[in-house]
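For reference, the chains in residue letters:
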Amino acid sequence: MTPRDPKRQFLRFVDRGDTRALGRVFDALAPELLALATHLTRDAARAEDALQETFLTAIESGSRFDRTRELR
């Protein structure tokens, strides 16, 4: 596990409120998640909305994240 590991960074955000860590999570995962959302929706605007909703949900419910699971 590297220091820039997205799961580790997300937990840093959850535990410490480190918004820079959250930014690193976004930078690491957003391209892959946007590609998936685009594939599923077949619409760029809807895909971007889905990506934003995904991160908003993660931010709002981070304290309930099951730390034994993968972040993706």
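**Q** Would you mind showing me how to read the packing of helix H1 (residues 6–16) against helix H2 (residues 19–41) here?
**A** Any two packed helices are characterised by how steeply their axes cross, that is the angle between the axes, and by the distance between the axes. Axis separation between H1 and H2 bottoms out at 7 Å; the angle between their running directions is 150°. The pairing of H1 with H2 is recorded here as roughly antiparallel in orientation. Crossing of H1 against H2: the hand is left-handed. Here Pro6, Gln9, Phe10, Arg12 and Phe13 of H1 lie close against H2, whose contacting residues are Thr19, Ala21, Leu22, Arg24, Val25, Ala28 and Leu29.

**Q** What exactly am I supposed to notice about the packing of aromatic side chains here?
**A** To describe a pair of aromatic rings, you give the distance between the ring centres and the angle between the ring planes. Using the criterion set out here, one finds three aromatic pairs in the structure. Residues Phe10 and Phe65 carry aromatic rings whose centres are separated by 5.6 Å and whose planes lie at 85° to one another, so their mutual orientation is edge-to-face. Residue Phe10 is located in helix H1, and its partner Phe65 is located in the segment after helix H3 (44–60); the two are separated by 55 residues in the primary sequence. Accessibility expressed as a relative area gives 3% for Phe10, which makes it buried.

What counts, and at which threshold
Residues numbered from 1 in each chain as written. Predicted model: local features only at pLDDT ≥ 70, side-chain atom pairs only at ≥ 80, totals over all residues. Heavy atoms only, no water. Axes fitted to C-alpha atoms, helices over the stretch in contact; angles between N-to-C directions. Helix = DSSP H or I, 4+ residues; strand = E, 2+ residues; numbered from the N terminus. Parallel < 35°, antiparallel > 145°, perpendicular 65-115°, else oblique. Left-handed = near helix turned anticlockwise from the far one by under 90°. Contact = heavy atoms within 4.5 Å. Phe/Tyr/Trp six-rings, centres within 6.5 Å; stacked < 30°, edge-to-face > 60°. Buried < 20%, exposed > 50% of the residue type's maximum accessible area, 1.4 Å probe, protein only.

What is shown is where atoms sit, not what they do.
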